[in-house]
Amino acid sequence: MFFTYLRRELRNRRKQTVVVAIGLAVAIALVIVVNAVSTGVKDAQSEVLESVYGVGTDITVDQPAEGPGEGGGPGRFDFGEGEGEANEDGTRELAQDRLSTAMGSTPFDASALETVAALDHVSGVAATLGLQNMSFSGEMPDMEEGDGPVTMQMGPDGSGQGSAGGSSFEIEQFTITGVDPDATAVGPLTTAEVADGRTLEAGDKNVAVLDATYAEQQELAVGDTITVGGKDLETVGTVSSTTGDGVATASDAYLPLATAQTLADLADQVTDVYVQVDSAENVDAVAAAIEDELPDASVSTQSDLAEGVTGSLSTASDLISTLGTWLSGIVLAAAFGLAILFTVSGVNRRTRELGTLKAIGWSKGRVVGQVAGESVVQGLIGGAVGLALGALAVWAVNLAGITLSGASGGLTMGGPMPAGAVQGGDTPPDGGGAFGERADAFADAGNAVDIVLQAPVSLWIVLAAIGLAVLGGLLAGVVGGQRAAKLRPAEALRSLA
Amino acid sequence: MYQIDDLTKTYRQGKRVVRALKDVSLTIGDGELVAVQGPTGGGKSTLLQMLGGLDRPTSGTVKLDGKDLAGMSDTQLTAARAETIGFVFQNFNLIPTLTALENVETALVPSKIARQSRTARALAALDSVGLGDRGDHLPGELSGGQQQRVAIARALVKNPKVLLADEPTGNLDEETRDEIVDLMVGLWKEQGLTVVLVTHDSVVAARTPRRLRIAKGAMKELPPR
């Protein structure tokens, strides 16, 4: 009788059933879309972060730069009087390689690795040394005859070029990461796969592995040599990112950590420590413990790093977390309100009917159950339609192939800089090349990654959507049922007599 | 069957207090057929609601088979209505979305009888009121007289001890009224029920062996015709 009566009532009040179900369906669909897109954006953020920090990194430790020191920073080239070869036209051929720590980071003692590894809940650690190599080559007027300032211009490939007062030169730079070939659990190479040759191995010395994109740009292949800090290194392999086609890995070149330390004259120094924690719930505790042990270090968790993701990805994330959440909340509340309103109005219209049932011996619980059952089924219908609508909308979003661009926040987070991105500055009258004002430009560069938004619909969101629909129906049923419960048969019959 | 002593019922209508029943005392024996007459607003329906446990008295007692309805809990009153008392209303009060058969079945739902047996009993009850072939009709597809027959079948399907009818012919034409009264009198004779029939129609009241009159909340026994 319960189901027969329920079915007939819903069919009889078809218009009301459809309105309530559509209201709930729209709300449920919106919740599904907002959640799926939000998850998609989060996944995209993780992908951006993984492209920089590797898979499985929960915490990164670095030491922020204290600002350019004396001498104009690492980009400054100093040439002594009479340095280079003099040309007949009064200019001088100059070339210089300069290897320094990556912009925005300061090297610190490698013992930090052991300190972090000894902490509770730390399941993996790896240290890297982030470096940048800058090469100056060109002609400069002989210092004794030099007149006027030298102007620098950025080339289309980002390399620095300049010419003034008879000078002509080029500056090329690329990023290098010294990695421990034995530490494979975490670190930047966890999202890299061998494109050609091999990756770094234990015992390697004075060899390099190049980012495949960088190698292609520079027309370098396995077996070629690259010059790092004035020393030629053999290229033993190239690697590409596993996070997407055409996405660059975290660095242009990878060297064995010991080689990088020797070339940069930074023995037992590192710039970044990558930390893997045994469980997500321990991340904050481990981060706090690292801050205690290494007070000068900057400790960032994945959520801190996610906040540093910029670009349209960040805009999408903000939009979803504010507008999307509010909108779905408001529509959900409106749909619940609508369901309650219709149910209560339905009970009011059925005063005689429900009063009669009570008069012939139906218990309060049975009458309330009947009313609540009708509302729950309305909610379930809304939930089912909402699921279909939501799935359709998510499918459309995925089909649209919305591309979001994300950058990891650049040097301030220890990320790499794009190859060759150099901004020139005026050469001081003493003839020294000053490139120390580039930090701001690099800070915005980051590792820009284009990611096609893929909004997933998880099982739990399907269950949550059904739960919300049932909750909406139940809420309406409880409010309507309470009204029905309060109905006294005598008054119900008297009011209609 | 019923023993009513000093029954008083007052209502509050805004600031006004209405005394619907004033110290009514009455005995209705097992198997009696009683008509309650009186003007509109005189207290007839209120008395019927007290007899059916649909409302509680302000003071006094209403004993059904020796048990005071006023002292019963809501659950006990619900059980009494489900098992002992059958109701017939002026407006039939059928569920519009259920068929005639299903409407009759609603009276057996509280008894938790198995579906098959419930349907069989409902069919038999419909048969007894001459509507065995109309079980699958919705109330809207039946005439007023037929709807009241379905309502009577619903009241009787649970084999109650008492049948309380509130103006059962109030919405019917004369011919149908007579059919319904014939049916009720026939069932009363056949089943030995106690029937209390509220009516303002003297023709209907004339068919009953005992007549009562309520006016302004006071009851008076009318002489038999």
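Parameters at a glance
- Residues numbered from 1 in each chain as written.
- Chains lettered and ligands numbered in written order.
- Predicted model: local features only at pLDDT ≥ 70, side-chain atom pairs only at ≥ 80, totals over all residues.
- Heavy atoms only, no water.
- Helix = DSSP H or I, 4+ residues; strand = E, 2+ residues; numbered from the N terminus.
- Buried < 20%, exposed > 50% of the residue type's maximum accessible area, 1.4 Å probe, protein only.
- Areas by Shrake-Rupley, 256 points an atom, 1.4 Å probe, with all protein chains shown as cover.
- Contact = heavy atoms within 4.5 Å.
- Buried area = accessible area lost by both parts, 1.4 Å probe.
- Salt bridge = Lys/Arg side-chain N within 4 Å of Asp/Glu carboxyl O.
- Polar contact = N/O pair within 3.5 Å; in protein donor to acceptor, adjacent residues only side chain to side chain.
- Nonpolar A, V, L, I, M, F, W, Y, C, P; charged D, E, K, R; others polar.
- Pairing = 2+ DSSP bridges.
- Right-handed = clockwise from strand over helix to strand, strands pointing away.
- Axes fitted to C-alpha atoms, helices over the stretch in contact; angles between N-to-C directions.
- Parallel < 35°, antiparallel > 145°, perpendicular 65-115°, else oblique.
- Left-handed = near helix turned anticlockwise from the far one by under 90°.
- Core = buried A, V, L, I, M, F, W, Y, C linked by side-chain atoms within 4.5 Å.
- pLDDT = per-residue confidence, 0-100.
- Expected span 1.5 Å × (residues − 1).
- Phe/Tyr/Trp six-rings, centres within 6.5 Å; stacked < 30°, edge-to-face > 60°.

### Details of the overall build of chain A
So, point 1. From N to C terminus, chain A includes 13 helices and 18 strands.
So, point 2. Expressed as a percentage of the 497 residues in chain A, the buried residues total 50%.
So, point 3. Summed over all atoms, the accessible surface of chain A reaches about 22100 Å², with 54% contributed by carbon and sulfur.

### Structural notes on the interface of chain A and chain B
So, point 1. Residue-level contacts link 24 residues of chain A with 28 residues of chain B.
So, point 2. Buried surface at the junction of chain A and chain B, summed over both partners, amounts to about 2300 Å²; 58% is from carbon and sulfur atoms.
So, point 3. Connecting chain A to chain B are one salt bridge.
So, point 4. A salt bridge links Glu102(B) to Arg8(A), with the shortest nitrogen-to-oxygen separation between them at 2.5 Å.
So, point 5. Here chain A is connected to chain B by eight residue pairs in polar contact (both at pLDDT 80 or more).
So, point 6. When residues of the side of chain A that touches chain B are traced back to their parent elements, those giving at least two are helix 1 (2–12), helix 9 (351–359), helix 10 (364–400) and helix 13 (489–494) of chain A.
So, point 7. Ranked by the residues each element gives to the side of chain A that touches chain B, the list is headed by helix 9 of chain A, at six residues.
So, point 8. Residues of the side of chain A that touches chain B, tallied by class, amount to ten nonpolar, five polar and nine charged.

### So, the pairing of strand 7 (residues 162–166) of chain B
Residues and elements named next belong to chain B.
So, point 1. The buried count for strand 7 comes to five of five residues, which makes it a mostly enclosed element.
So, point 2. Burial of strand 7 is two-sided: the residues Val-162, Leu-164 and Asp-166 facing one way and the residues Leu-163 and Ala-165 facing the other way are all buried.
So, point 3. Bridging between strand 6 (residues 85–88) and strand 7 involves four bridges; their strand directions are parallel. When the bridges of strand 7 are listed, Phe-87 appears paired with Leu-164.
So, point 4. Where strand 7 and strand 8 (residues 194–198) come together, five bridges link them in parallel fashion. If you follow Ala-165 over to strand 8, its bridge partner there is Leu-197.
So, point 5. Crossover handedness for the path strand 7 to helix 6 (residues 174–191) to strand 8: right-handed.

### Here's the deal with the packing of helix 10 of chain A against helix 12 (residues 459–486) of chain A
When two helices pack together, their arrangement is given by the angle between their axes and by how far apart the axes lie.
All names here are of chain A.
So, point 1. Axis separation between helix 10 and helix 12 bottoms out at 7 Å; the angle between their running directions is 150°. With respect to each other, helix 10 and helix 12 are oriented roughly antiparallel. Note on packing geometry: the crossing formed by helix 10 with helix 12 is right-handed.
So, point 2. Along the lines of polarity and charge, the residues of the contact of helix 10 with helix 12 split into 16 nonpolar, seven polar and one charged.

### Side note on the nonpolar core
So, point 1. One finds Leu354(A) and Ile152(B) to be the most contacted residues of the largest nonpolar core, which totals 50 residues.
So, point 2. Every element with two or more residues in this core is listed here: helix 9 and helix 10 of chain A together with helix 3 (100–106), helix 4 (115–128), helix 5 (144–156), strand 7, helix 6 and strand 8 of chain B.
So, point 3. A per-element tally of this core places helix 6 of chain B first, with seven residues.
So, point 4. With near-sequence residues (within four places) excluded, Leu354(A) lies in contact with Tyr5(A), Val347(A), Val367(A), Val371(A), Ala484(A) and Leu487(A).
So, point 5. In terms of nonpolar packing, the next biggest core, distinct from the first, is built from 40 residues, Leu99(A), Ala264(A), Val277(A) and Val286(A) among them.

### Section: the pairing of strand 10 (residues 218–222) of chain B
All names here are of chain B.
So, point 1. As paired strands, strand 9 (residues 210–215) and strand 10 are joined by five bridges and run antiparallel to one another. Across the sheet, residue Leu-212 finds its bridge partner in strand 10, namely Glu-221.
So, point 2. Counting the residues between successive antiparallel strands, the hairpin from strand 9 to strand 10 contains two residues, one of them, Lys-216, with a positive phi of roughly 50°.

### Some remarks on the confidence of the model for chain B
So, point 1. When pLDDT is averaged along chain B, the result is 91; 100% of the residues meet or exceed 70.
So, point 2. Considering each helix and strand of chain B separately, the mean pLDDT is smallest for helix 6 of chain B, with a value of 88, and largest for helix 3 of chain B, with 96.

### Observations regarding the sheet that holds strand 4 (residues 59–64) of chain B
Residue and element names in this part refer to chain B.
So, point 1. Overall, antiparallel pairing links the four strands, which are arranged 2-1-4-5 in an open sheet. On the outer flanks of this sheet lie strand 2 (16–28) and strand 5 (67–68), each paired with one strand and no other.
So, point 2. Where strand 4 lies against strand 5, two bridges are found, and the strand directions are antiparallel. Following the sheet pairing, Lys-63 is matched in strand 5 by Asp-68.

### A word on helix 1 (residues 44–51) of chain B
Structural remark: α-helix, 3.6 residues per turn; residues separated by three or four positions point the same way.
All names here are of chain B.
So, point 1. When you tally the buried positions in helix 1, you get seven out of eight residues, the bulk of the element.
So, point 2. Taken together, the buried positions of helix 1 are occupied by Lys-44, Thr-46, Leu-47, Leu-48, Gln-49, Met-50 and Leu-51.
So, point 3. One or two steps after helix 1, the chain reaches Gly-53, where phi turns positive at roughly 70°.

### Details of helix 10 of chain A
So, point 1. Between its terminal C-alpha atoms helix 10 of chain A stretches 53 Å, which fits the 54 Å expected from 37 residues at 1.5 Å a residue.
So, point 2. Following helix 10 of chain A by one or two positions, Gly401(A) has its phi on the positive side, about 60°.

### Topic: the packing of aromatic side chains
All names here are of chain A.
So, point 1. Per the counting criterion, the structure on display carries four aromatic pairs over all chains.
So, point 2. With a centroid separation of 5.0 Å and 85° between ring planes, the pair formed by Phe-2 and Phe-3 is classed as edge-to-face.
So, point 3. Judged by relative accessible area, Phe-2 falls into the partly exposed class, the value being 35%.
So, point 4. By relative accessible area, which is 60% here, Phe-3 ends up exposed.
So, point 5. Their ring planes at 35° and their centres at 5.6 Å tell us that Phe-174 and Tyr-214 sit as a pair that is tilted. You can see Phe-174 sitting in strand 8 (residues 168–179) and its partner Tyr-214 sitting in helix 4 (residues 212–217), a full 40 residues away along the chain. Tyr-214 carries the same exposure label as Phe-174, and that label is buried.

### Things to note about the environment of Ala25(A)
Residue and element names in this part refer to chain A.
So, point 1. Residue position: Ala-25 is located in helix 2 (residues 14–53).
So, point 2. Between the C-alpha atoms of Ala-25 and Gly-383, which are 358 residues apart in sequence, the distance is 5.6 Å.
So, point 3. Residues contacting Ala-25, with those up to four places away along its chain left out, are Gly-382, Val-385, Gly-386 and Leu-389.

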